[in-house]
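Remarks on the overall topology
The residues making up each chain are set out below.
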Amino acid sequence: MSEKMKVKAINRGTVIDHITPGQGLKILNRLHLINDKIQVTVGLNLPSKHMGHKDIIKVEDWLFSMDEANELALLAPDATVNIIEDHKVASKMKVELPGRLTGIFPCPNPNCVSHSEPVDSSFSIHQAKDGVFMRCRYCESLFRKERFVGAP
């Protein structure tokens, strides 16, 4: 017997598709999407023709900006962000690594001034052959992205 699970389509909002399996809950946590005011549907480890398996997140009544979409690139480099209007895809955004992230992650260096001064953390993002790195604006320490988001 073949059974198909159906997830309610959203009228207006954002669908984050093609999320690397296992990263969906991390994205929810990082974007602070878990609260009592935002309606969120999450699918974990779903079958995907393109990826084998994927996670997906639907956020009702929140239209992501390009900056918000690009913040996802560290956690889900192959994600597509679909803006939904009237139950239809109004626009699609392929995430790209931003040049800088501000106020998203604390600096792992306990001696960094960002821990003792009233400033938002700030990292420049660098992509190299051997991975993605983040350099703190204040202490100039260089960290692998996995230090912030873990391994996929």
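Residues numbered from 1 in each chain as written. Predicted model: local features only at pLDDT ≥ 70, side-chain atom pairs only at ≥ 80, totals over all residues. Heavy atoms only, no water.

Attention shifts here to the overall build of the protein. Looking only at helices and strands, one finds 3 helices and 9 strands in the protein. Structurally, the protein occupies a C-alpha span of about 55 × 35 × 25 Å along its principal axes. For the protein, with 152 residues in total, the buried portion stands at 40%. Long-range pairs, those at least 24 residues apart, make up 56% of the contacts in the protein between residues at least 6 apart in sequence. When the accessible surface of the protein is split by element, carbon and sulfur atoms take 50% of a total near 9400 Å². Seen as two clouds, the 20 positive and the 18 negative side-chain charges of the protein have centres 5 Å apart. (Helix = DSSP H or I, 4+ residues; strand = E, 2+ residues; numbered from the N terminus. Buried < 20%, exposed > 50% of the residue type's maximum accessible area, 1.4 Å probe, protein only. Contact = heavy atoms within 4.5 Å. Areas by Shrake-Rupley, 256 points an atom, 1.4 Å probe, with all protein chains shown as cover. Lys, Arg positive; Asp, Glu negative; His and termini not counted. Charge placed at Lys NZ, Arg CZ, Asp CG, Glu CD.)

Our next topic: the confidence of the model for the protein. Residue-level pLDDT values for the protein average 87, and 91% of them are 70 or greater. No element of the protein has a lower mean pLDDT than helix α1 (residues 24-30), at 82, and none a higher one than strand β9 (residues 142-144), at 96. (pLDDT = per-residue confidence, 0-100.)

Okay, the packing of aromatic side chains next. Throughout the structure, instances matching the rule amount to 4 aromatic pairs. Aromatic side chains Trp62 and Phe64 sit 4.9 Å apart centroid to centroid with 45 degrees between the ring planes, which places their arrangement in the tilted category. A residue is classified by how much of its surface remains accessible, and Trp62, at 22% relative accessible area, is partly exposed. Judged by its relative accessible area of 5%, Phe64 falls in the buried class. Centre to centre, the rings of Phe143 and Phe148 are 5.9 Å apart; their planes meet at 90 degrees, and the pair counts as edge-to-face. When sorted by exposure, Phe143 lands in the same class as Phe148, which is buried. (Phe/Tyr/Trp six-rings, centres within 6.5 Å; stacked < 30°, edge-to-face > 60°.)

Looking now at the sheet that holds strand β8 (residues 131-136). The 4 strands lie next to each other as β6-β7-β8-β9, forming an open sheet whose pairing is antiparallel. Taken across any chain shown, the strands that pair with only one partner, and hence form the sheet edges, are β6 (100-102) and β9. Averaged over all pairs of adjacent strands, the angle between their axes in this sheet comes to 30 degrees, without regard to strand direction. Here β6 runs beside strand β7 (residues 122-128); their pairing, made up of 3 bridges, is antiparallel. Its bridge partner being in β7, Thr102 is matched across the sheet by Ser122. (Pairing = 2+ DSSP bridges. Axes fitted to C-alpha atoms, helices over the stretch in contact; angles between N-to-C directions.)

This model, assessed by the stated rule, comprises 3 salt bridges. Across the pair Glu85 and Arg12 runs a salt bridge, and its minimum N-O distance is 3.9 Å. Residue Glu85 is found in strand β4 (residues 80-85), and its partner Arg12 is found in the segment before β1 (13-19); the two are separated by 73 residues along the sequence. The shortest N-O distance in the salt bridge between Asp130 and Arg144 comes to 3.7 Å. (Salt bridge = Lys/Arg side-chain N within 4 Å of Asp/Glu carboxyl O.)

In space, the 5 strands of this open sheet follow the order β2-β3-β1-β4-β5, with antiparallel pairing throughout. Bordering the open sheet on either side are β2 (40-48) and β5 (88-94), each of which pairs with just one other strand. This sheet shows a mean twist of 20 degrees between the axes of neighbouring strands, independent of strand direction. Looking at chain direction, β1 and strand β3 (residues 52-60) are connected through 5 bridges and run antiparallel. Bridge pairing links Thr14 to Val59 in β3.

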